[in-house]
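Listed below are the residues making up each chain.
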Amino acid sequence: MKFFLDTANIAEIEEAAGWGVLSGVTTNPTLYSREGGRLADFHDHVIRICALVDGPVSAEVVGLERGEMVSEGAELAALAPNVIVKVPTTSEGLAATRELAARGVKVNMTLCFTVPQALMAARAGASFVSPFIGRFDDISEDGVEHLANIVGALRNYDFGHKVEVIAASVRHPQHVVAAALLGADIATVPFAVLKKCLQHPLTEKGLAAFLADWEKVKNS
Ligand code: G3P
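We now turn to the structure provided with this report. (Residues numbered from 1 in each chain as written. Predicted model: local features only at pLDDT ≥ 70, side-chain atom pairs only at ≥ 80, totals over all residues. Heavy atoms only, no water.)

Looking now at the pattern of salt bridges. Evaluated as defined, the whole model comprises nine salt bridges. With a shortest N-O distance of 3.0 Å, Glu-92 and Arg-66 are connected by a salt bridge. You can see Glu-92 sitting in helix 5 (residues 91–102) and its partner Arg-66 sitting in helix 4 (residues 66–77), a full 26 residues away along the chain. On the basis of relative accessible area, Glu-92 is assigned to the partly exposed category, the value being 21%. (Salt bridge = Lys/Arg side-chain N within 4 Å of Asp/Glu carboxyl O. Helix = DSSP H or I, 4+ residues; strand = E, 2+ residues; numbered from the N terminus. Buried < 20%, exposed > 50% of the residue type's maximum accessible area, 1.4 Å probe, protein only.)

Next comes the structure, spelled out in C-alpha cells:
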C-alpha cells in the first residue's frame, strides 16, 4: 500500500517526502482553506505541491455542473503533469469524469461512500476512487466495513483501465492497518496520523537501551 499525504501544508509535504515514503498528495477545499489559502494563489499552490511530490497530486474542482467541472479540471490538469483532478461522486461528477478521462485527464472521484458509487466512478473512467472511512465512523457506522465492501467489489471487475482505491478520511493508525489488510492501493493520511504510524514505545525503548549500551562501549 502506498502512502499519500492528505494535506495542503507545504512543510508537511516536504517533511514526509524527505522520509522517502510519500507517493502522492490529496488536497481538498477544506485543507486549502485551513492553510489560509486565497483563491488567487490556488493554482500556484498546486504547482508548488506538484514540484515537491514524485507522484499524483489531487486538486479538487468546486463547480457542481459537468461543464464547470470539465473546464476547471482541464485548467488544473494543465498546471503540472502529476495533477489528478478530484471530482465529487455525483451524477454531474460522473459525466465530468467521463469527459475528462476521454481527454486523457486522470480523475480521483471523492466523497465516495458506497459500493454502487465506487462501481460507477470506476465505470465512468476514474483512475482513483476515494472511499471515506472516518466520516462513517462519525455517524456510528463502520467505515472499515464499507471500505472492505468497496475494495472487494472493485476487485471483481476489469474496468478496462487501472483503478486504484484511496482509503480516505483516515483518522488514526488503525484505519491505516485496516486499509493495508484489505488491500487498498493507497491510504491518504493527515501528517499527524503518518507520524503516529511511525511511533512505537518499544522502538523508543529499544533505541534508548542501544544508546545507553553504546555509552558503555565508548567509555570502556
Ligand atoms: O481527502 C478527503 C478526506 O480524506 C477527508 O477527511 O477527515 O475530513 O473526513 P476528513
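Another aspect to go through is the packing of helix 8 (residues 143–155) against helix 9 (residues 173–182). The geometry of helix 8 relative to helix 9 is characterised by a closest axis approach of 10 Å and an angle of 20° between their N-to-C directions. By the angle between their axes, helix 8 is roughly parallel relative to helix 9. By crossing handedness, the relation of helix 8 to helix 9 is classed as right-handed. Residue-level contacts link Val-144, Leu-147, Ala-148, Val-151 and Arg-155 of helix 8 to His-175, Ala-178, Ala-179 and Leu-182 of helix 9. (Axes fitted to C-alpha atoms, helices over the stretch in contact; angles between N-to-C directions. Parallel < 35°, antiparallel > 145°, perpendicular 65-115°, else oblique. Left-handed = near helix turned anticlockwise from the far one by under 90°. Contact = heavy atoms within 4.5 Å.)

This part takes up the sheet that holds strand 6 (residues 128–131). As a general point, the strands of a sheet are linked pairwise by backbone hydrogen bonds and lie either parallel or antiparallel. The strand order around the closed barrel formed by eight strands is 1-2-3-4-5-6-7-8, and the pairing between neighbours is parallel. Sheet twist, expressed as the average angle between the axes of neighbouring strands with direction ignored, equals 25°. Here two bridges tie strand 6 to strand 7 (residues 164–167), and the two strands are oriented parallel to one another. In the strand pairing of strand 7, Phe-128 is matched with Glu-164. (Pairing = 2+ DSSP bridges.)

A few words now on unusual backbone geometry. The backbone phi angle of Ser-140 is positive, close to 65°, even though this residue is not glycine. Here Ser-140 lies in the loop between helix 7 (134–138) and helix 8. With relative accessibility at 72%, the residue Ser-140 sits in the exposed group. Phi at Ser-169 is positive, roughly 55°, even though this residue is not glycine. Note on placement: Ser-169 falls in the loop between strand 7 and helix 9. Look at Ser-169 and you get buried, because its relative accessible area is 9%.

Another aspect to go through is the pairing of strand 7. Burial of strand 7 is two-sided: the residues Glu-164 and Ile-166 facing one way and the residues Val-165 and Ala-167 facing the other way are all buried. Across two bridges, the pairing between strand 7 and strand 8 (residues 186–189) is parallel. If you follow Ile-166 over to strand 8, its bridge partner there is Ile-186. In this fold, the crossover linking strand 7 to strand 8 by way of helix 9 has right-handed handedness. (Right-handed = clockwise from strand over helix to strand, strands pointing away.)

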